[in-house]
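Residue strings, one per chain:
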Amino acid sequence: MLEDVLRQIGQRERFVLTSHARPDGDAVGSALACCQVLRAMGKQADVVLHDGVPRIYRSLPYADEVVQSNRILGSYEAAIILECDSIHRTRLEGLENRFLISIDHHSSGRPFAHVNWIDPHAVATAEMVFRLAREAGVSFSREIATCLYTALMTDTGSFMFQGTNENTFALARELVLAGADPAHCARGIYFAHSVAKIRLLGEALRNLNIDGHIGYVWVTQKQMERCNAIEEDCEGLVNYVLSIGGVEVAVFFRELPDNRFRVSLRSKGKLDVAQIAETFGGGGHECASGCSVDGPLADAVREVLLQIRRGPSVQ
Ligand code: 5GP
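Heads up: these notes are all about the structure in this document. (Residues numbered from 1 in each chain as written. Predicted model: local features only at pLDDT ≥ 70, side-chain atom pairs only at ≥ 80, totals over all residues. Heavy atoms only, no water.)

### Quick word on the site of the ligand
This is how it is decided: Definition of nearness: a residue and a molecule or strand are near each other if at least one heavy atom of the residue lies within 4 Å of the molecule or strand. Under this definition, polar contacts are N or O atom pairs within 3.5 Å; protein pairs additionally need one hydrogen-donor-capable and one acceptor-capable atom, and for neighbouring residues in sequence, both atoms have to be side-chain atoms. Here, Shrake-Rupley sampling with a 1.4 Å probe gives the accessible areas, and only protein chains in the shown set may cover a residue. Strands here mean DSSP runs of E at least two residues long; helices mean DSSP runs of H or I at least four residues long; both are numbered from the N terminus. Classification convention: Asp, Glu, Lys, Arg as charged; Ala, Val, Leu, Ile, Met, Phe, Trp, Tyr, Cys, Pro as nonpolar; all other residues, Gly among them, as polar. Each domain's limits were defined by an automated method or a database of domain assignments.
In the neighbourhood of the ligand, 16 residues make up the surrounding shell, with Asp-85, His-106, Arg-262, Ser-264 and Arg-266 lying closest. Take Arg-22: an N or O atom from its side chain is 3.3 Å from an oxygen atom of the ligand. Within the side chain of Arg-262, a nitrogen or oxygen atom sits 2.7 Å from a nitrogen atom of the ligand. Protein chains bury 88% of the 490 Å² of accessible surface belonging to the ligand in isolation. When contributions to the shell around the ligand are tallied by element, the ones reaching two or more residues are β10 (260–267), β11 (283–284) and β12 (288–294). By residue number, the principal contributor to the shell around the ligand is β12, which donates four residues. Per-class residue counts for the shell around the ligand are two nonpolar, nine polar and five charged. Per-domain counts for the shell around the ligand show at least three residues from each of domain 1 (2–190) and domain 2 (195–310).

### Section: the packing of helix α3 (residues 125–136) against helix α4 (residues 142–155)
Rules: Under this scheme, a helix contributes an axis fitted over its contacting stretch, all axes are lines through C-alpha atoms, and angles between N-to-C directions fall in the 0 to 180 degree range. Oblique is the label for every angle not falling under 35 degrees (roughly parallel), over 145 degrees (roughly antiparallel), or within 65 to 115 degrees (roughly perpendicular). Here, two residues are considered to be in contact whenever any of their heavy atoms come within 4.5 Å of each other.
At a minimum axis separation of 8 Å, α3 and α4 run at an interaxial angle of 150 degrees. The angle between α3 and α4 places the two elements in the roughly antiparallel class. Side by side, α3 and α4 meet where Ala-126, Val-129 and Phe-130 of the first sit next to Leu-148, Ala-151 and Leu-152 of the second.

### What about the sheet that holds strand β6 (residues 115–118)?
How we decide: Whether two strands pair depends on DSSP finding at least two bridges between them.
Strand order in the open sheet formed by six strands is β3-β2-β1-β4-β5-β6, and the pairing between neighbours is parallel. Among the strands making up the open sheet, the edge pair consists of β3 (67–68) and β6. Examined bridge by bridge, strand β1 (residues 14–18) and strand β4 (residues 78–82) share four bridges and lie parallel to one another. Counterpart to Leu-17 in the pairing with β4 is Ile-80. Contacting β1, β4, β5 (100–104) and β6, helix α1 (residues 2–10) crosses the sheet at an angle of about 140 degrees to β6.

Structure, rendered in structure tokens:
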């Protein structure tokens, strides 16, 4: 599969790279790193993201070159879609008639592109970009290493999530040797929250509910407005719920303008939340997934909790 990706890259010159809307650290870091890898291979490459780069990732190398747009324009010979299991999740127009390469590590990943390299065993898409670069003979600059390290650090929950293993640390070691500064990368992410995000956390925790092994919180549009918070301020709030002893599954509900709710699910490992998200048309990983469900809030909570209680355990 990696060989297919490299062969297709070798036959082309101009690439556009993208990922899912509301990009997280792995989406941004992998896309930025992959773009630099392609350039090091002598290719022309640009990154386009529907929502641009969230504030906490803006200090990453080349983040300022990312184009925020609703559509892909230009004579690119191929689009590389990273960390994303469909054209739809990019929320970009103009991909349909292009040659598509998918590089993804989601367990719910689907082969939607012309070339699909999906490896659910990779802890982050960044690990796959690392393998691609190494196979292509690209040397790891400090900038590539910083983007990949940040992606790895965020997608493994600072090397704490299920799936983190000796290979993760070996990869982190390689990236640090190549110039990534762990403290600097962590400072930019974990010690750089907006005041709005912390105020929103307060609102969310006021709505904390514990139901057996399930913990959940929600935030409404009004609360978001009151805190002056934006969508990206919600990232990671669910982890505070998961940090509670006895909670096996944590859920975060965010009210959307159309009486629907964005749902983030996290598991400590006993329950597979990817399958729960998939029953609502979403997806993700065993321990971190997301989906959207219909409101009102009470219905959304009831439906999601019902699926969790019925849900599959990890073997
Ligand atoms: P988050 O809760 O941070 O939005 O997402 C957690 C994980 O689930 C991420 O890996 C993300 O890509 C995936 N995910 C979130 N929402 C969706 C969705 O609607 N569809 C799919 N396929 N994956 C999702």
